[in-house]
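Observations on the three-dimensional arrangement
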Amino acid sequence: MVHSAYDSVELISDCPTKIEAISSYGPKLLLGCSDGSLKIYAPDSSGSRSPPSDYHSQSLQKEPYSLERNLAGFSKKPLLSLEVLESRDILLSLSETISFHGLPNLGTIAVITKAKGANVYSWDDRRGFLCFARQKKVCIFRHDGGRGFVEVKEFGVPDVVKSMAWCGENICIGIRRDYMILNSTTGALTDVFPSGRLAPPLVVPLPSGELLLSKDNIGVFVDQNGKLAHEGRVCWTEAPTVVVIQKAYGIALLSRYVEVVRSLRAPYPLIQTIILRNARRLLQSNNAAIVALDYAVYGLFPVPLGAQIVQLTASGEFEEALSLCKLLPPEEASLRAAKEASIHIRCAHHRFDSGDYEDAMEHFVASQVDITYVLSMYPSIVLPKTTMVVDPDKLMDISADSSYLSRGSSGMSDDMEPSPLSHVLESEESAALESKKMSHNTLMALIKFLQKKRFSIIEKATAEGTEEVVLDAVGDRESNRFKKTNKGRGSTPVTSRAREMAAILDTALLQALLLTGQSSVALELLKGLNYCDVKICEEILLKSNHHAALLELYKCNSMHHEALKLLHQLVEESKSNQVQPEVIQKIKPESIVEYLKPLCGTDPMLVLEYSMLVLESCPTQTIELFLNGNIPADLVNSYLKQHAPNMQARYLELMLAMDENGISGNLQNEMVHIYLSEVLDWYADLSAQQKWEEQTYSPTRKKLLSALESISGYSPEALLKRLPADALYEERAVLLGKMNQHELALSLYVHKLHLPEMALSYCDRVYDSLAHQPSTRSSGNIYLTLLQIYLNPKRTTKNFERRITNLVSPQNKGTPKAGSANTVKSKGGRGVKKIAAIEVADDIRINQSGTDSSRSDGDADADADESGEEGGSTIMLDEVLDVLSRKWDRINGAQALKLLPRETKLQNLLPFMGPLLRKSSEAYRNLSVIKSLRQSDNLQVKEELYEQRKGVVKITSDSVCSLCRKKIGTSVFAVYPNGSTIVHFVCFKDSQSIKAVSRGSPLRKR
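Residues numbered from 1 in each chain as written. Predicted model: local features only at pLDDT ≥ 70, side-chain atom pairs only at ≥ 80, totals over all residues. Heavy atoms only, no water.

This paragraph deals with the overall build of the protein. Assigned secondary structure in the protein consists of 35 helices and 30 strands. Every one of the 1006 residues in the protein was classed for burial, and the buried ones make up 47%. A sequence separation of at least 24 residues applies to 55% of the contacts in the protein between residues at least 6 apart. A total accessible area of about 51600 Å² is found for the protein, and carbon and sulfur atoms account for 52% of it. (Helix = DSSP H or I, 4+ residues; strand = E, 2+ residues; numbered from the N terminus. Buried < 20%, exposed > 50% of the residue type's maximum accessible area, 1.4 Å probe, protein only. Contact = heavy atoms within 4.5 Å. Areas by Shrake-Rupley, 256 points an atom, 1.4 Å probe, with all protein chains shown as cover.)

In structure tokens, the structure reads:
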């Protein structure tokens, strides 16, 4: 026996006649005896004798009963069964037939004569249907609501029915060998399964609508259609003769005793055995079960649930006690919750001491106990200090419960008051217990417990933080004036209970994960929203060398300085191989760059400070960090100029390579000046060693030339002043080109560098750039400038130094005057010499396009003054012819021929004149064809016009206006485009004016 679910009380001890049937009506017992009499027993106490109207509200009493009334001859034969139909105040009796008697006077209402010989019946109180079996037939009758019963159906069955019960609209019958479902409408039979061989079939209806079918000593659950409801089985010691269901228990009548089992929860354990010999009948009453012996009656009264729960808890049957708690009435919800919580806590301690740690934590979760109570079982886990005030009564109850369970005491009062704390464990036992509590299995169970509690606690903490932010936003700061701020969580206050609980939980969970070797899970915890205590977790992670987790701890608490210092330290240690190999693979200089990426928008100075540590080792990634992080380039450049000047040029190079438009003109200018300074230092060193050659190129000089040609944000005038007078001619030529001083630039390529190919390439670049500008009249004039330099080399060489000096002097800065070309023209006249013809051609070129806008008035005057003495200079005719033959399609042929010396042979001009003339002829032919096509189109249009004008309209005396329906006569008329609609011209004008008015002002219509 597990516990006492029912108390057995003797109600009747000396019935003079053998009892054959029994029933109850309110507090009274109705006994059907072997002599056919009906005896009515009532409690001995006078207070229980109430008027009949109160019978339904009363129940059996735990006291002796005495005979109140004896109805001799109630039945001619012994009564087989009695049943009180309380909803209709009718007593149903089964003897030689089925009779109905009114209560409480017991007058006969109806007798079903067709039920003569019936051995079993079943009553459906909801519908008022009665079914009974006699021989091999099943009959169904319906109560008509008055004093009569109406026969509904009669069906035949294969064998004599031993047991039957309604199951919804159908009837479940047990015959000698089988259970069957009988359709009460059609009479169709459906087999369920065979019955037992040792005992007759037994059909027991359940409150849920299912059925319990007995197969010898086993009870099987089926639904209303005869299908197995679930896998559970009820096992009795032997085959029962009667089974009744009362609340959570199934009571079975056996030959020598009564067994009580749990009927609502697998595995349907045996709860109690009540020894009652010679028991013949078992009946369910409103508050008890009634057992009838031959001459005595016992009442099985259920023990109060609270007392049963106490017994089960004391004996360690916690699951059974929890299931009974669910049967407490709804009005005792608070008591139920308190009892369940207490049982869960006791069960958790019992499971924990037994080594079933996971199940223990499940019970702690179900008990809704505070997490600090569970964490107190793990003294080695360090918890943050808290300002929470816990209810002392609650702590007292919990501590008393734990002490009770630690002793394993079985003594317990009905109200479940725990015993006080016992003496402290000895030191050796405490050490053993502590070692046990910090084992791997206990920590794993704790982790699962904390993870299950975490969601709700974190949600509450987050909600409180959001609420405070809203209050601060609306100015309600008075309620928060006493709140403290967590050091590592920025401005998020941690003062409320929910957030303190969250800090305790996350701190303990992190420690448990690390102690069980789950560093990856701990890392994921820190990556998400967490409330770990920074000081405690930092110390633990430092001791255990969990650097990745420590970095995440710093990161989630906005401790970026500490995180970056740690990263730099790990990088330096990895270079010296002072850390573990797996750490070396993870911690690289790029890790600092990755960490800095999210900080670019919030703290750019911090990014600049720590990016200097990795700029030299991984410059590309660092520059990408500056660009992708949208850090102002001027800020980065100034910081580099101050702290890492050797990397300034590298930064500007990479920035320009990644985003040409992202670098401002000031930065471009600064980058070019840096290059130029390095080149000048390199030039000074080589000049001092007398090793300088103009065709020598260092990597920096190549970068300088590339930058001068590709970018345009620098100031060429400032750079030109820094160049030496007798070196770096190529750089000077590029700068002069940027200043549109094309003649000077070409003179350098031709006379200083002696590189005609570079001069021609220069002309190509200028031509291509000017060709895309629609405002430029002639982009081929640059080639004429080159031809002039070739044809008059001495003049350009003499004036080069003077013009450069005038160009870079302060008084001559700015845009050259537009009248310089006119000055040259006015002073230079056409002479007899060749050189005069060349100068006149040059004057014409300058006057037409003004491409070389850099020549000042003084330069033009000087050129004109010196024209006489340069008449006999040597010209570079071969180079001129080469330019003409290669660029004939880009040069104005007429102007080029004017520049050539008259002694030039036509044969030498064939490579130039041949393709030029062919191109001109082809253009002429194409234009002629286009002209002819256009003339043809014009003629076609004229012809079509003539055809349209040939239309004829014939006006007769019968022709009428389509608008006014009057004859046209000799009036002026108009014809519509279709050629058939004719109207008066006046009518046409009127119709047009009406349409115009209607479209312009529709509101004026009437």
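Bringing the pattern of salt bridges into the picture now. Scanning the entire structure with this criterion turns up 25 salt bridges. Ionic pairing is found between R176 and D159, a salt bridge with its closest N-O pair at 3.9 Å. In this pair, R176 sits in the loop between strand 15 (170–174) and strand 16 (178–183) while D159 sits in the loop between strand 13 (149–156) and strand 14 (163–167), placing the two residues 17 residues apart along the sequence. Between E362 and K452 there is a salt bridge, with its nearest N and O atoms 2.0 Å apart. Taken together, the residues span a long stretch of sequence, with E362 in helix 4 (residues 357–366) and K452 in helix 8 (residues 440–473) at a distance of 90 residues. Several salt bridges share partner residues, and in doing so they unite K114, K137, E151 and E154 into one network. (Salt bridge = Lys/Arg side-chain N within 4 Å of Asp/Glu carboxyl O.)

Moving on, we get to the side chain of S99. Looking at the secondary structure, you find S99 in strand 8 (residues 98–102). On the accessibility criterion, S99 (12% relative accessible area) is buried. For S99, the contacting residues outside a window of four places in its chain are L91, L92, S93, A110 and V111.

Following both chains from N to C, one finds helix 20 (residues 665–688) and helix 21 (residues 699–710) inclined at 145°, their axes separated by 9 Å at the closest point. Crossing of helix 20 over helix 21 shows left-handed handedness. In contact with M671, V672, Y675, L676, E678, V679 and W682 of helix 20, helix 21 contributes T700, R701, K703, L704, A707 and L708. In terms of residue class, the contact of helix 20 with helix 21 is built from 9 nonpolar, 1 polar and 3 charged. (Axes fitted to C-alpha atoms, helices over the stretch in contact; angles between N-to-C directions. Left-handed = near helix turned anticlockwise from the far one by under 90°. Nonpolar A, V, L, I, M, F, W, Y, C, P; charged D, E, K, R; others polar.)

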